Amino acid sequence: MMKKISILIPCFNEAENVELMCKSLINVIDEALSRYDYEIVFIDNCSTDGTREIIEELCAANRKVKAIFNVTNFGQFNSPFYGMCQVTGDCVITLCCDFQDPIELIPRFVEEWEKGYKIVSGIKTSSRENRIVYFLRSMYYKVIKNMSSVKMIEHFTGFGLYDRTFIELIKQLDDPVPFLRGIVAEYGFKRKDIEYEQAKRRAGKTHNNFYTLYDAAMLSITSYTKVGLRLATLLGFVGSAISLCIALGYLVLKLINWYQFQAGYAPLVIGMFVLGSIQLFFIGLLGEYILNINTRVIHRPLVVEEKRINFNESDQKEQKRELRE
């Protein structure tokens, strides 16, 4: 029986890229993967620039091109994770719609998959993006790798191939705030890493900003590390011990040389500001952990669909049954 490859493309305001991406993927499949059945699935996070209209035209021209339209923007993690759970192939390949993930690696991914690897992950060894941004990303990956009890994968963005066995696993997780990069590292499937240089965005503007990058960092820290809370406890203990020693020293000096010793209020004021800033930092960090817990407790759905295109009736019934379970 012919194996089926699913290719998932999350998108948001990618009107300049989506049509060329679809045509390029079909060319790669026809040239290098013609012995496989395939589906190309776009999951759109409520684009407002005409992306949806172009996707609808692509779906009308080719039944193997499918689409899921979200009712609103559910973020950079929920939407692709949800899309992975909806595809029907024996494996799924995820990549961004901006051509920063090289589609020419897809045949290589499939080749490694056929050798028995359950996950084939694309690892950035360099990037043509802003050097400062790339440097900051590198520092973040090293910090989170050293802080986490799970061996996190450096410069892994989610671009890669995932076997059906992995997809069945993530369906069972029932995680309302999924962090795919951490899940891949945590469950240790037989994995092959393929290195590549990240290209510049082909067209359009990046949707990443300080808030989205901060959100990604906090999700990984609060989901996979305890170091922040442990560090707060340790620094609180050390700070209390130092403050007590200074207070005792100040008292002794005051008693011995009460008529000469005049330190003034400067040490007290400086100490208050230092301790106050440390407290505020860790209160904020604690708030991030509580926010993560709150999100999981509320357990809102990953994504709410507006509509889907070219999913046949049996596929939709099967997906609804799995969601109910």
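Attention here is on the structure that accompanies the text. Just so you know, these numbers come straight off a predicted model, no measurement behind them. Positions within a chain are numbered from 1, following the residues in the order the chain's sequence is written. Residues qualify for local features only when their pLDDT is at least 70, as the model is predicted, and side-chain atom pairs are given and counted only at 80 or more; totals for whole chains, interfaces and linings, by contrast, use all residues. Here the side-chain values reflect all heavy atoms present in the structure, with hydrogen atoms and water set aside.

### Examining the packing of aromatic side chains
Item 1. Here the aromatic set is Phe, Tyr and Trp, taking the six-membered ring for Trp, and pairing holds for ring centres within 6.5 Å; pairs whose planes are under 30 degrees apart are stacked, those over 60 apart are edge-to-face, and all others are tilted. Under the defined criterion, the tally for this structure stands at four aromatic pairs.
Item 2. On the basis of an interplanar angle of 80 degrees and a centroid distance of 5.4 Å, the ring pair of Phe 159 and Tyr 196 is categorised as edge-to-face. Taken together, the residues Phe 159 in strand 6 (residues 156-163) and Tyr 196 in strand 7 (residues 191-198) connect sequence positions 37 residues apart.
Item 3. Accessibility here uses a 1.4 Å probe with only protein chains present; expressed as a share of the type maximum, an area under 20% marks a residue as buried, one over 50% as exposed, and anything in between as partly exposed. On the basis of relative accessible area, Phe 159 is assigned to the buried category, the value being 1%.
Item 4. The interplanar angle of 25 degrees and the centroid separation of 5.4 Å between the aromatic rings of Tyr 162 and Phe 166 together place this pair among those described as stacked. Of the two residues examined, Tyr 162 and Phe 166, each falls in the buried class.
Item 5. Taken together through their ring pairs, the aromatic side chains of Phe 109, Phe 159 and Tyr 196 make up a single cluster.
Item 6. We note Lys 66 situated over the ring of Phe 311; from NZ or CZ to the ring centre the distance is 5.2 Å. Secondary structure follows DSSP: runs of H or I at least 4 residues long count as helices, runs of E at least 2 residues long count as strands, and numbering of each begins at the N terminus. Should the NZ of a Lys or the CZ of an Arg lie within 6 Å of a ring centre and within 35 degrees of the ring normal, that charge is described as sitting over the ring.

### A few points about helix 4 (residues 106-114)
Item 1. By the burial criterion, the buried members of helix 4 are Ile 106, Phe 109, Val 110, Glu 112 and Trp 113. In a view along the axis of helix 4, the buried residues occupy a sector of 160 degrees, so they form one face of it.
Item 2. Residues of helix 4 that are buried make contact with strand 1 (4-11), helix 1 (18-32), strand 4 (91-94), strand 5 (119-127), strand 6 and strand 7.
Item 3. Of the residues one or two after helix 4, Gly 116 is the one with positive phi, at around 115 degrees. Taking the helix axis as origin, the arc is that swept by the directions to the C-beta atoms. Should any heavy atoms of two residues lie within 4.5 Å, those residues are considered in contact.

### Some points on the nonpolar core
Nonpolar side chains in soluble globular proteins generally cluster together in the buried interior.
Item 1. As used in this record, nonpolar core signifies buried Ala, Val, Leu, Ile, Met, Phe, Trp, Tyr and Cys residues forming a set joined through side-chain atoms within 4.5 Å. Within the largest apolar cluster, 40 residues are counted, with the highest numbers of intra-cluster contacts made by Ile 7, Leu 25, Phe 42 and Val 110.
Item 2. Here this core takes seven residues from helix 1, the largest share from any one element.
Item 3. Setting aside residues up to four positions removed in sequence, Phe 42 forms contacts with Ile 9, Cys 11, Val 18, Cys 22, Ile 55, Leu 58, Val 65, Lys 66, Ala 67 and Ile 68.
Item 4. In terms of nonpolar packing, the next biggest core, distinct from the first, is built from 30 residues, Ile 43, Phe 77, Val 92 and Phe 166 among them.

### Concerning the pattern of salt bridges
Item 1. The term salt bridge refers to a pairing of a side-chain nitrogen on Lys or Arg with a carboxyl oxygen on Asp or Glu at a separation within 4 Å. What the rule picks out here adds up to 16 salt bridges.
Item 2. Here Glu 112 ties to Arg 108 by a salt bridge, and the two come within 3.4 Å at their closest N and O atoms. Taken together, the residues Glu 112 and Arg 108, both in helix 4 and four residues apart, mark about one turn of the helix.
Item 3. Since its relative accessible area comes to 5%, Glu 112 is described here as buried.
Item 4. Here Arg 191 and Asp 193 are joined by a salt bridge, their closest N and O atoms 2.8 Å apart.
Item 5. Residue classification places Arg 191 among the partly exposed residues on the basis of a relative accessible area of 31%.
Item 6. What makes Asp 193 partly exposed here is its relative accessible area of 34%.

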